[in-house]
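Here is what each chain is made of, one letter per residue.
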Amino acid sequence: MDVNTIAWILLLLPLLVAAMILLGLKRWSGLSALLSTGSALLTLVLAAMLAAGGSDAEIRSFPWIDLGQDTFQVEIGMTVDSLARGMMLVVTFVGFLVHLFSLGYMRDDRGKSRYFAGLSLFMFSMTGIVLANNFVMMFIFWELVGVSSYILIGHWYQKASAADAAKKAFLTNRIGDFGFMIGILLVWILTGSIYFDEIEAAVGGVTNMTLLNAAALCVFCGAIGKSAQVPLHVWLPDAMEGPTPVSALIHAATMVAAGVFMLARVVFLIEAADMAATVIAWIGAVTALLAALMALQQNDIKRILAYSTVSQLGYMIMAQGLGSGGTDAGMFHLYTHAFFKALLFLGAGAVIYACHHQQDIWKMGGLRRKMPITFATFAIGAAALVAVPFTSGFWSKEAILEAALREGMIGPYVLAMIVAFLTPFYMTRLLMVAFLGGTRSDDTENAEEVGPVMWVPLALLAFMALFSAYGLLAGPLLARGQADVGHLFGSFGLTATLSMLGLIAGVAAAYFLYRGKKEEPLRIRVLARKFYLDEIYIALVRIFQDGVAAFLDVVDRYVLDPAITRFPAMSAMSAGRFLRVFQVGNVQAYAFFFGVAVVVLIYFLVL
Amino acid sequence: MSLIEIIVLLPLLAALTIALGAPARLTALGSSVVVLVLSLFAALNFRFQVEGAFQFESSRSLIDAAGMPEISLAFGLDGISLVLLLLSAIVLVAAVLVSPRENAIVGSSRLYYLSLLLIGGGAIGAFCSTDLFFLYAFHELALIPTFLMIGLFGRGENRVRTAWTVTIYLSIGSLVLLVGLLMAVVALGGSTFAIADLAALARSPETGIAAERQTWIFFLLLVGFGILVSLFPFHGWAAPAYSDAPIPVAMLHAGVLKKFGVYGLIRIALPFAPAGAEALLNLVLVLLLGNIIYLGLVTVAQKRLDRMLGYSSVMHMGYIFLGIAAGNKLGLAGAVLLMFAHGISIALLFALAGSIRERFGTLEFAKLGGLAANAPRLGLLFGFAAFAAAGLPGFANFAAEINVFFGGFADAEGSLGWLQWTTIIALWGVVISAVYMLRAYRSIFYGPAPAKLQSKADLAWPAALPVLILLVALISVGFVPELLNQYIRHALDGFFLVTPG
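In this text the structure is predicted, and so the values were computed from the model without any measurement.

Draft legend 1. Representation of the overall build of chain B in the model. Along chain B, the regular secondary structure elements total 21 helices and two strands. Computed over C-alpha atoms, the radius of gyration of chain B comes to 22 Å, within 12% of the 23 Å expected from 2.2 N^0.38 for 501 residues, which places it in the range of a compact globule. With the C-alpha coordinates aligned to their principal axes, the bounding extent of chain B is approximately 75 × 60 × 45 Å. The buried share of chain B, taken over its 501 residues, is 66%. Looking at chain B alone, contacts between residues at least 24 apart form 80% of all its contacts between residues at least 6 apart.

Draft legend 2. Quick peek at the overall build of chain A. Of regular secondary structure, chain A possesses 27 helices and two strands. When burial is assessed residue by residue, chain A has 57% of its 607 residues classed as buried. Taking contacts inside chain A between residues at least 6 apart in sequence as the whole, the part at least 24 apart equals 81%.

Draft legend 3. Here's a closer look at the confidence of the model for chain A. In the predicted model, chain A carries a mean pLDDT of 85, and 90% of its residues have values of at least 70. Low pLDDT, under 50, characterises residues 479-485 of chain A; the stretch is placed with 16 contacts to residues that sit more than four places away or in other chains.

Draft legend 4. Region of interest: the interface of chain A and chain B. Each partner contributes to the interface: chain A provides 54 residues, whereas chain B provides 56 residues. Elements represented by at least two residues in the side of chain A that touches chain B include exactly β1 (57-66), α5 (135-153), α6 (160-191), α26 (533-575) and α27 (587-606) of chain A. Ranked by residues supplied to the side of chain A that touches chain B, first place goes to α26(A) with 16 residues.

Draft legend 5. Main features of the packing of helix α1 (residues 3-23) of chain A against helix α2 (residues 29-53) of chain A. All names here are of chain A. One way to put it is that α1 packs onto α2 with a least axis distance of 10 Å and a crossing angle of 170°. Overall, the two elements α1 and α2 adopt an arrangement that is roughly antiparallel. In contact with V3, I6, I9, L10, L13, P14, V17, M20 and I21 of α1, α2 contributes S32, L35, S36, S39, L42, T43, L46, A47, M49, L50 and G53.

Draft legend 6. How the structure looks around the nonpolar core. Among the nonpolar cores identified, the biggest contains 457 residues, and A342(A), I90(B), A94(B), M251(B), I344(B) and L470(B) are the most heavily contacted of them. Considering every element that reaches this core, the biggest residue donor is helix α15 (residues 329-360) of chain B, with 21 residues. Ignoring sequence-local partners within four residues, the contact set of L470(B) consists of I90(B), A94(B), I344(B), A347(B), L348(B) and A351(B).

Draft legend 7. How the structure looks around unusual backbone geometry. Backbone torsion omega between V230(A) and P231(A) reads 10°, so that peptide bond is classified as cis. Note that P231(A) resides in the loop between α8 (209-226) and α9 (235-238). With an omega of 0°, the peptide bond running from F232(B) to P233(B) counts as cis. The topology assignment puts P233(B) in the loop between α8 (211-228) and α9 (238-244). Its identity as a non-glycine residue notwithstanding, A387(A) has a phi of 65°, on the positive side.

Draft legend 8. Molecular detail of helix α18 (residues 396-410) of chain B. A rise of 1.5 Å per residue sets the reference length of α18(B), with its 15 residues, at 21 Å; its end C-alpha atoms lie 21 Å apart and thus fit the reference within 8%. With 15 of 15 residues buried, α18(B) is to be regarded as a mostly interior element.

Draft legend 9. Main features of α5(A). Its 19 residues place the ends of α5(A) 26 Å apart at the C-alpha level, agreeing with the 27 Å of an ideal helix rising 1.5 Å per residue. Among the 19 residues that make up α5(A), 19 are buried, leaving the element largely enclosed by the rest of the structure.

Draft legend 10. Quick peek at the environment of L121(A). Residues and elements named next belong to chain A. Position of L121 relative to the elements: it lies in helix α4 (residues 112-131). Considering only alpha carbons, one finds L121 and S148, 27 residues apart in sequence, at a separation of 6.2 Å. Look past the residues within four positions of L121 in its chain and what remains in contact with it is A18 and S148.

Draft legend 11. The environment of L416(B), seen in detail. Relative to the helices and strands, L416(B) resides in the loop between α18 and α19 (418-445). Considering only alpha carbons, one finds L416(B) and F54(B), 362 residues apart in sequence, at a separation of 37 Å.

Draft legend 12. The arrangement of the packing of helix α18 (residues 392-406) of chain A against helix α24 (residues 494-514) of chain A in detail. All names here are of chain A. Two numbers describe how α18 lies on α24: the axes approach to 9 Å, and their chain directions differ by 125°. Between α18 and α24, the angle falls in the class oblique. Relative to α24, α18 is oriented so that their crossing is right-handed. Every residue of α24 that contacts α18 at E398, L401, E402 and L405 is listed here: T495, A496 and S499. Tallied by class, residues from the contact of α18 with α24 come to three nonpolar, two polar and two charged.

Draft legend 13. Representation of the confidence of the model for chain B. On average, residues of chain B carry a pLDDT of 90, and 98% of them reach 70 or more. Under the prediction, the complex receives an ipTM of 0.93, its pTM being 0.92.

Conventions adopted
Residues numbered from 1 in each chain as written. Chains lettered and ligands numbered in written order. Predicted model: local features only at pLDDT ≥ 70, side-chain atom pairs only at ≥ 80, totals over all residues. Helix = DSSP H or I, 4+ residues; strand = E, 2+ residues; numbered from the N terminus. Rg over C-alpha atoms; globule rule 2.2 N^0.38 Å. Buried ≥ 20, exposed ≤ 12 C-beta atoms within 10 Å, placed from the backbone. Contact = placed C-beta atoms within 7 Å. pLDDT = per-residue confidence, 0-100. Axes fitted to C-alpha atoms, helices over the stretch in contact; angles between N-to-C directions. Parallel < 35°, antiparallel > 145°, perpendicular 65-115°, else oblique. Core = buried A, V, L, I, M, F, W, Y, C linked by C-beta atoms within 7 Å. Expected span 1.5 Å × (residues − 1). Left-handed = near helix turned anticlockwise from the far one by under 90°. Nonpolar A, V, L, I, M, F, W, Y, C, P; charged D, E, K, R; others polar.

Structure (structure tokens):
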């Protein structure tokens, strides 16, 4: 098969499956699940073929909107390059494992068909983002990813918290997309194109730097929403209301990485807009720090992981803000993170499944003995996350820190270093409280190891968490190919020393603090309440949206409507009492008038 | 009779036969399906190689005396009117299907179905007319049964009052419009009512209207058409009218008939008084933001689905105005496509709202909840409709809005003017629509269901048929906007071929 065919199948197969489930297969939930999982496996094979083939392609197809060459043309087109091939492999690999895991996790769920249709829809949307060759197409799939995420977070829609979380996720992303669309429009008027290759060629000639920086920042807004950066990060922890495999696939490994991917796709834009690049780097670093702080005091196992995701995404965004000097490092971290974070989430899913949907780590404990495979794989994932030397996460994080130092971004570099201390701290806390010591509730007491359909994905991901940074595994996945892997694996210098100190200090501090504890010894309210950001946002929405809306509603009802609608209408009415003839309510009379009119009309026609 | 005359007159003749005793529902359904088939036939036989102007023309001269303006019963289709014809025909079929069976109608079922046909047929006549006189007359023909339907078959205790308010208010709008139209015809020599001829006269520097006069004429047309299309601040009639009207009437009026106002602006006001449009551009920008932001927020405050839909329909008119204000090919193409998309999607939403009320007895958000479990099919379909209205890709609305937004920026040339800033503010409306649509969906379909709502039947055949027809239209155009865009592009190529500047 040529690249062209593979790309089309990759894109359309999941859509086909989603449509089939929706239109007819819904009743047979087992078949739906198998079909969806089968298609995920097939896309993984195709993505691997694409990666192995290594050939680039620029696919243009039919015009989607066409108002003439000189005016505006959007084609459904795809770019296959090393960036897309690598991302495609991540998406399909994690995607397939999550499908597999879900076969077990969602076995008895009432809405199993709907769930798998949602997963397939997600795979379709995500593939569209990865392969898009222009901004409009990327925006289309960007929004569709938002919808599939809405469907999956709200899977258990009868739970009020899940329903609210789904809505919150979609709306928060919409706010980001508001900026994204403005950014696309600004880029369009500056460079005259929506196609990435043409923008890259034209961006050097742009003279209006203010507008170019504004454009880049607006485009970045899209990434702030989708990749859950401060200040729009609030939806991601709530999104954990969805089934845990969804959290692993969408809210850890792939969808939330779309913002990072998009910035890597338009790195030439960031490169050209200095001011915007600095802002991006800072936002990433600040997000990494704030999220790590918030993770310190959470008790829900999934929420801890969610905040750590936000924090790691901050790293990746920061790397994108470094321009071409950091984009490879950022993508590298996206790639390693996808595996170890999916692993951690699926591990958490196994724990939650075994503990009868108990998610509070203080009610777990002692799971190391009950679930040895899950514990071992979870620990490997945690090791990669906290960047234990020679795990995959170590190399990619080092790459980002090195890049920040090299590009002279000292501020973000320092913040990132603090995070390198905080991450080991909260992960050690999580491991010790949930897995070590004695059991602290009946749910945990009766926990058993999960079956192979669930632990096989864990084992595969654990392998990747350890080794994905090496050799053949890493080669095709880096944006600019094999040649650059060398410089990412830089020498052990200042950065490595500092972050290793941070790791040791973090683990040690948490170890001594949480050893043998049955409840939280450290109570920092402002962190537990997440800096009160949710409360602040709710207040803002109440005042600036609902308050203003209610006020305007009153204005409309009692000021505008009487003054502009009713008064003219009623004064005209009192002036025209003769109009009462309409009010006779006599059907025959009306029909008669009508008949006369039609006869007159026909008479004219024949004339 | 030519094809187009059959399309226009068939609904009216069917209405006549119903008045004379033919079975009401069957006749209405049969004739509207035939009209839809004929419209599709016309679309398939559209000749793209012929440049500009109207096709399928037919004309019968009615008044052609010396000293009098020439009036003919003349019809024709260009790409724009063809799209609106398709919209009208699709929604008419759906509205008839949604209507209750004869024995379920309180009052005269003949009058009910006959009125629906008159509303649909009147709208079709207005969109197909190439003569100004009949363009106006057909719209009036459609308005009268609309008023009647609200007053006679409407819901709620205020329906008679609402019917009167709407009647008088829209009549005032029509009157202002009439004055504007007559002024334009007189200013253009007063010799003809043929739209194409009038446009040609307006285009030529010798016979065109003086710039200052154009401003007045455009203002009158803007107010007249604006009232009909619920342009801010003339929107007060719309939300009560839609929540009190019977569902099929709300579908036909919000979906189809209301588009007459924006259609008129594109078909008449822009070509007749282009300088006036330019002079009043900033006024239009302010008013359309009134629709999008002010009414968008008012929509958020609504506590009942029918009122929320009424306001949201008014809000989205702002985007059509934005496309018109942009005035370029891109913006106008978006405006026309949005007329279609909005028409279908609002009809779809009203149809579904009707099913919800029928099954659960209320449309108040506070009393509903968790319906996705009781009525999964209804939940799925409403989800599609809500996301379509919120401008999600995959539905026609998104394709149209994208054109409008790019249209707003098309003439920017590297810096931001008023139009671009307006577009940026208008983009916030996309967030607002998502807010109220998702809130509605959350409170109706998600969450735990109130106890007394438990065991109610889901939407099933054949009640789902009209909804599916609308949905298929929305999705197929959403996936392949070129289905309709090719016609619009063809019309606009002609439009810009002959309009200077």
